[in-house]
Amino acid sequence: MPVSWGTNTSQEEQLNLIEAITLSSETIIAKLLLPNWMLNLPFKPLQKVNSAWNALEDFVKSHTQRIGQEMTEQEINDQFEVQNADLLHRLITSSEGDGKYKLSEKEVLANIFTILFAGHETTANGIIATLGYLAIHHDDQEKAYGEVKSRLGPNDRLDLSDTSEMPYLLACFQEAVRLFSSTMMLARTFSEDFPVKVERPSPGVVVLPKGSRIVIDMVNTFRNPNVFENPEQYKPSRWVGIPEIEVAMFGAGPRACIGRKLAFTEAISVLALFLRDWTLDIDLAPGETRSQYEERFMVIGPYAGTISPIAQLPLKITKRVRT
């Protein structure tokens, strides 16, 4: 995706793309919750947020328009094949024609923003948390490495098919995402009356009426001692053998995260290649135990967009010597 990283000097104080992406990521909650009229109020912080989102939208629009023009030229020359196109090209193609499933320009932009924000820093946050926990918990690291080592082919190669054959490494990632959620909340609106069976403070059934909007606290849900035994403990084995559809950190039901499988595949690919070549450890302070180090560093920092990241995480990385 070739882009210009410079600032358009023809408009005073216009944000460049890097600044726009950074500020948009940091203010996505405000963008979701605040009405447009409020973002247009004459207050500089709100105007800066609005400017960032407008700059990002302008970039995406211009980029999709350029790709659309290239696709049209390729179609004229019989060089474009939808079945071999990447996701961005498929999205743009879906906005053409008059079919039942045609997407509007607004829907195309919404999907691109979803891919941009929900498909990158979320997985990266889970990978970072996994590396931190594996550095602290050497037994889990060695067990995960054992899986990786068993799948190494000629020239220590790993193939995409190997990612589905490392259940413990996947469990390590899933447990890290449980503790450091990819999103701090999920919002849902009921399309019909929905009965919910509750156990606390007393057993019963609560009916949530059609049109009700609920917000699920993902951080505390997955640290709930009524659901998870020793919820603050990093324990990958709790996910071994659990069907993927029951791993609710990515949502559940028909509105579950559409990128869940991609996130698992990306994470296992990165973690497997990392563990193949490197070992992880931590640098303890004098007299400090691993548990104390974990309490000191594996804590949720300031929210960044919709994720709950680790504040800071110093690790020791050493080239692995394989025998």
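1. Looking at the overall build of the chain
From N to C terminus, the chain includes 12 helices and 6 strands. Every one of the 323 residues in the chain was classed for burial, and the buried ones make up 37%. Considering only residue pairs separated by 6 or more positions, the chain has 66% of its internal contacts joining residues 24 or more positions apart. Here the chain displays about 19,500 Å² of accessible surface, and carbon together with sulfur accounts for 55% of that area.

2. Description of the pattern of salt bridges
Overall, the coordinates contain 11 salt bridges when judged by the stated rule. A salt bridge links Arg-157 to Asp-159; the shortest N-O distance between them is 2.8 Å. A residue is classified by how much of its surface remains accessible, and Arg-157, at 53% relative accessible area, is exposed. Three or more residues joined by partner-sharing salt bridges are found here, namely Glu-175, Arg-178 and Arg-238.

3. Some thoughts on helix α12 (residues 290-297)
Those residues of α12 not exposed but buried are Tyr-293, Glu-294 and Phe-297. Buried residues in α12, looked at end-on, bunch into an arc of 100°, giving them a common side.

4. So, the nonpolar core
Leu-169 and Phe-173 are the most contacted members of the largest nonpolar core, which totals 44 residues. Every element with two or more residues in this core is listed here: α7 (121-136), α8 (138-151), α9 (167-179), α11 (260-277) and α12. The contacts of Leu-169, once residues within four sequence positions are left out, are Ala-144, Glu-147, Val-148, Ile-268, Leu-271, Ala-272 and Leu-275. With 12 residues, the next largest nonpolar core counts Met-71, Leu-88, Leu-91 and Ile-92 among its residues.

5. Re the pairing of strand β2 (residues 194-198)
With 5 bridges connecting them, β2 and strand β3 (residues 204-208) associate as antiparallel partners. Bridge pairing in β3 links Lys-197 to Val-205. As consecutive antiparallel partners, β2 and β3 are separated by 5 residues.

6. Re unusual backbone geometry
The phi torsion of most residues other than glycine is negative, and most of the peptide bonds are trans. Arg-200 connects to Pro-201 through a cis peptide bond whose omega is 5°. With respect to the helices and strands, the residue Pro-201 is situated in the loop between β2 and β3. At Asp-156, a position not held by glycine, the phi torsion is positive, near 55°. With respect to the secondary-structure elements, Asp-156 resides in the loop between α8 and α9. For Asp-156, a relative accessible area of 29% translates into the label partly exposed.

7. Let's talk about the packing of α8 against α9
Between α8 and α9, the least distance of the axes is 8 Å, while the angle of their chain directions is 135°. With respect to α9, the element α8 is oriented oblique. Of α9, the residues touching α8 (which contributes Asp-140, Lys-143, Ala-144, Glu-147 and Val-148) are Pro-167, Tyr-168, Leu-169 and Cys-172.

8. Focus: the packing of aromatic side chains
The relation between two aromatic rings is expressed through the spacing of the ring centres and the mutual angle of the planes. All chains considered together, the criterion is met by 8 aromatic pairs. On the numbers, 6.3 Å between centres and 90° between planes, the contact of Phe-173 with Phe-264 is edge-to-face. Taken together, the positions of Phe-173 in helix α9 and Phe-264 in helix α11 put the pair 91 residues apart, joining distant regions of the chain. Just as Phe-173 is buried, Phe-264 falls in that class too. Here Arg-178 stacks its cationic end above the ring of Phe-228, 5.0 Å away from the centre of that ring. The positively charged end of Arg-223 is found above the aromatic ring belonging to Phe-180, 5.6 Å away from the centroid.

9. Side note on the confidence of the model for the chain
Atomic detail in the predicted coordinates should be set aside for any region of low pLDDT. In this model, the chain carries an average pLDDT of 83, and 88% of its residues clear a pLDDT of 70 or more. Here residues 1-14 is a poorly scored stretch, pLDDT under 50, and it has 14 contacts once near neighbours within four places are set aside; other chains count.

10. Some points on the side chain of Arg-178
Within the secondary structure, Arg-178 sits in helix α9. In terms of polar contacts, Arg-178 uses its side chain to reach the backbone carbonyl oxygen of Phe-222, at 2.6 Å. Beyond its immediate sequence surroundings of up to four residues, Arg-178 is in contact with Phe-222, Arg-223, Phe-228, Pro-231, Gln-233, Arg-238, Trp-239 and Met-249.

11. Details of the environment of Lys-143
Inspection of the secondary structure puts Lys-143 in helix α8. A relative accessible area of 49% places Lys-143 in the partly exposed class. For the pair Lys-143 and Leu-169, spaced 26 residues apart in sequence, the C-alpha to C-alpha distance is 8.2 Å.

Rules of the game
- Residues numbered from 1 in each chain as written.
- Predicted model: local features only at pLDDT ≥ 70, side-chain atom pairs only at ≥ 80, totals over all residues.
- Heavy atoms only, no water.
- Helix = DSSP H or I, 4+ residues; strand = E, 2+ residues; numbered from the N terminus.
- Buried < 20%, exposed > 50% of the residue type's maximum accessible area, 1.4 Å probe, protein only.
- Contact = heavy atoms within 4.5 Å.
- Areas by Shrake-Rupley, 256 points an atom, 1.4 Å probe, with all protein chains shown as cover.
- Salt bridge = Lys/Arg side-chain N within 4 Å of Asp/Glu carboxyl O.
- Arc of directions from axis to C-beta.
- Core = buried A, V, L, I, M, F, W, Y, C linked by side-chain atoms within 4.5 Å.
- Pairing = 2+ DSSP bridges.
- Axes fitted to C-alpha atoms, helices over the stretch in contact; angles between N-to-C directions.
- Parallel < 35°, antiparallel > 145°, perpendicular 65-115°, else oblique.
- Phe/Tyr/Trp six-rings, centres within 6.5 Å; stacked < 30°, edge-to-face > 60°.
- Lys NZ or Arg CZ within 6 Å of the ring centre and 35° of its normal.
- pLDDT = per-residue confidence, 0-100.
- Polar contact = N/O pair within 3.5 Å; in protein donor to acceptor, adjacent residues only side chain to side chain.

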